[in-house]
Amino acid sequence: MKVFYNPTHHQHYPPFEVFDGGEKVVNFEKPERMERILDALQSDPRFEICAPTDFGLAPIQAVHDSAYLDFLRTAYQEWLLEPTNYPKQVLLPATSPPDGRKGRIPATLLGRAGYYMTDLSCGIVEGTYQAALASAQCALSGANELITGARQVFALCRPPGHHAGRANCAGYCYINNAAVAANWLSSHGKTAILDIDYHVGNGTQDIFYERADVLTISIHADPDYDYPYFSGFADETGAGPGLGFHRNYPLPLGTTDADYFATLGQALERIRAFQPAYLVISAGMDIYAEDPLGQIRITRAGIAHIGREIAALQLPTLIVMEGGYNNAALGLNVAAFLQAWL
Ligand code: SP5
Ligand code: ZN
């Protein structure tokens, strides 16, 4: 199984994020996550670590707003030029628009930061844009493999992507890697995205909400209880031509393997009925019982079982790395998930 990986992500490591209550903590989304995963995969010769091809900006612009991408590209350098004595090690906003972003886009850097950065877990540092681009190219390289006949491929993406919407970053995500890849695949055949990260794939939901050619499904912690709070509810099912082509499966906190499998079965049934040509998995391992950010309780054997159930669809499948923050367990969890495709 090919694994697309680019070490450029090391340039992206915001020094801290701000949790609820204003608690300033070291970023949970660390470069070390990739080292842990690589360590686990490199011990198995069936994984082939590959450098991604650069497919340029066009497939990213097809999914994200151009002014937002310009912001990501220039924000940190603009921050350094701000004539203030703020600490400059990371750009984070202290404001957010009260109108749900219906108003004008602010001219000032800090105004745009508040506009485009929708929480305090997506700080921008000097290397953020390059790392996000390289991460998206890993997903695109995976998509390219499927288009040319591969049955399965793993995009080892960092930073992750599924909270990034058309014009915003959030929750460690800047460019929506799975969405960029799925959009590209969709010009070759109907595509489904199944998001199993602990948190709802709200960025992916935003990007495809009005489209019928990409089915999006997310299984996640009930947003009544956990981040990202504002979407991911069961009654959000798409709009316009996309009505019926988005599904959310919110889970109660504390959900264990058996209940998770029952919900997964419903999601897989919808994917079968859609008859996609390609499947993209947003694979977050923060569903793991011992994850520091997750509050459901899936075992490693459960993660392996989820992989087998998805693989049984027998679709050409691109697996895209999303979250997962128990670094000691992360490599083994990813390896367990991927076993079914080997
Ligand atoms: C890609 C991904 O998994 N992003 C997740 C972003 C979550 N950010 C909000 C974190 C809130 C943590 N709440 C504290 C729980 C500590 N026990
Ligand atoms: Zn997550």
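Everything below is about the structure shown above.
> How should the side chain of Glu322 be read in this particular structure?
Among the secondary structure elements, Glu322 is positioned in the loop between β10 (317-321) and α10 (327-338). Lacking a salt bridge, the buried Glu322 has Arg33 as its closest oppositely charged neighbour, with an N-O distance of 8.0 Å. A distance of 3.0 Å separates a polar atom in the side chain of Glu322 from the backbone nitrogen of His162. Here Glu322 is in contact with Arg33, Pro160, Gly161, His162, Ala178, Asp197, Ser282, Ala283 and Gly284, once residues within four sequence places are set aside.

> Just checking my understanding: could you explain the packing of aromatic side chains for this structure?
The description of an aromatic ring pair uses the distance of the two centres, along with the angle that the planes make with each other. Applying the stated criterion across every chain, the model contains 11 aromatic pairs. Measuring from centroid to centroid gives 5.4 Å for Phe19 and Phe28, while their planes differ by 35°, and the two rings are tilted. An aromatic cluster is present here, built from Tyr68, Phe71, Tyr115 and Tyr116 joined pairwise through their rings. Over the ring of Phe28 we find Lys30, and its NZ or CZ is 5.8 Å from the ring centre.

> Explain unusual backbone geometry to me, please; I cannot follow it from the model alone.
Peptide bonds are trans in most cases, and residues, glycine excluded, mostly fall at negative phi. Note the cis peptide between Arg158 and Pro159, where omega equals 0°. The step from Tyr227 to Pro228 runs through a cis peptide bond, and the omega angle for that step is 10°. Structurally, Pro228 is set in the loop between β7 (214-221) and β8 (246-251). A positive phi angle, close to 65°, is found at Arg101, a residue other than glycine. Relative accessible area serves as the criterion here: at 26%, Arg101 is assigned to the partly exposed category. Look at Tyr229: it is not a glycine, yet its phi comes out positive at around 70°. By the secondary structure assignment, Tyr229 is in the loop between β7 and β8. Exposure remark for Tyr229: the relative accessible area of 34% places this residue in the partly exposed category.

> It is not clear to me how the pairing of β7 should be interpreted in this structure. Could you clarify?
Along a regular strand, successive side chains alternate from one face of the sheet to the other. In terms of residue burial, β7 counts as a mostly covered element, since eight of its eight residues are buried. Pairing analysis gives five bridges linking strand β6 (residues 191-195) to β7, with the strands arranged parallel. Looking at β7, one finds that Leu194 is bridged to Ile217. Note on the crossover from β6 through helix α7 (residues 202-208) to β7: the handedness is right-handed.

> So what exactly am I meant to see when it comes to the coordination of the zinc ion (ligand 2) here?
Four donors placed tetrahedrally around a metal ideally meet at 109.5 degrees, and six donors placed octahedrally ideally meet at 90 or 180 degrees. The coordination sphere of the zinc ion (ligand 2), as far as protein atoms go, consists of Asp197 (OD), His199 (ND1) and Asp286 (OD), spread over 1.9 to 2.1 Å. Angles of 100 to 134° at the metal separate the four donor atoms of the zinc ion (ligand 2), which places the site in the tetrahedral class. Counting gaps between the donor residues of the zinc ion (ligand 2) yields the pattern D-x1-H-x86-D. Of this pair, Asp197 sits in the loop between β6 and α7 while Asp286 sits in the loop between β9 (278-283) and α9 (300-311), and the two are 89 residues apart along the sequence. Assigned by exposure class, Asp197 and Asp286 land together as buried.

> I would appreciate a short explanation of the site of ligand 1 in the present structure.
Neighbouring ligand 1 are 16 residues, the closest being His163, Gly171, His199, Asp286 and Tyr325. A distance of 3.1 Å is found between a nitrogen atom of ligand 1 and a backbone nitrogen or oxygen belonging to Gly171. Note that an oxygen atom of ligand 1 is positioned 2.6 Å from one of the side-chain N or O atoms of Tyr325. When the free accessible area of ligand 1 is taken as 510 Å², the share hidden by the protein chains comes to 78%. Put simply, ligand 1 lies in the largest pocket.

Each value, and the rule that gives it
Position numbers for residues start from 1 in each chain and track the written sequence from start to end. Chain A is the first chain written and ligand 1 is the first ligand written, with later ones labelled in order. For a predicted model such as this one, the threshold for reporting local features is a pLDDT of at least 70, and the threshold for listing and counting side-chain atom pairs is 80 or more; totals across whole chains, interfaces and linings nevertheless cover every residue. Computation of side-chain values: all heavy atoms of the structure, hydrogens and water removed. Secondary structure elements are taken from DSSP: a helix is a run of H or I of four residues or more, a strand is a run of E of two residues or more, and numbering for both begins at the N terminus. Exposure is judged per residue with a 1.4 Å probe applied to protein chains only, and the accessible area is read against the type maximum: over 50% gives exposed, under 20% gives buried, and values in between give partly exposed. Note that His is not counted, nor are the chain ends; the positive residues are Lys and Arg, and the negative ones are Asp and Glu. Here, a salt bridge means any Lys or Arg side-chain nitrogen found within 4 Å of an Asp or Glu carboxyl oxygen. Two N or O atoms form a polar contact when they lie within 3.5 Å of each other; inside protein one atom must be a possible hydrogen donor and the other a possible acceptor, and for residues adjacent in sequence the pair counts only when both atoms belong to side chains. Only heavy atoms matter for contacts: two residues are in contact if any of them lie within 4.5 Å across the pair. Think of it this way: a Phe, Tyr or Trp ring, Trp meaning its six-membered ring, pairs with another when their centres are within 6.5 Å, and the plane angle makes it stacked under 30 degrees, edge-to-face over 60, tilted otherwise. Note on geometry: a ring has a charge over it if NZ (lysine) or CZ (arginine) is within 6 Å of the ring centre and within 35 degrees of the ring normal. In this description, strands pair whenever DSSP reports at least two bridges between them. Crossovers are described as right-handed under a simple rule: with the strands pointing away from the observer, the path leading from the first strand over the helix to the second runs clockwise. Shown as donors are all N, O and S atoms within 2.8 Å of a metal ion, widened to 3.2 Å for Na, K and Ca; because water is not in the atom set, sites may appear incomplete. Working rule for geometry: tetrahedral if four donors all subtend angles between 85 and 135 degrees; square planar for four, octahedral for six, if opposite donors exceed 155 degrees and the others stay between 65 and 115; irregular in every other situation. Residues are labelled near a given molecule or strand when at least one of their non-hydrogen atoms is within 4 Å of it. Method for areas: the Shrake-Rupley scheme with a 1.4 Å probe, in which residue coverage is limited to the protein chains shown. Only protein atoms enter the 1 Å grid used here. Points where a 1.4 Å probe fits but cannot escape make up a cavity, open sets with protein on both sides within 12 Å along at least five of seven lines make up a pocket, and a residue lines them when an atom lies within 4 Å of a point. To decide whether a molecule occupies a pocket or cavity, check its atoms: if more than half lie within 2 Å of the grid points, it is inside.

Note that all results are geometric; they support no functional claim without further evidence.
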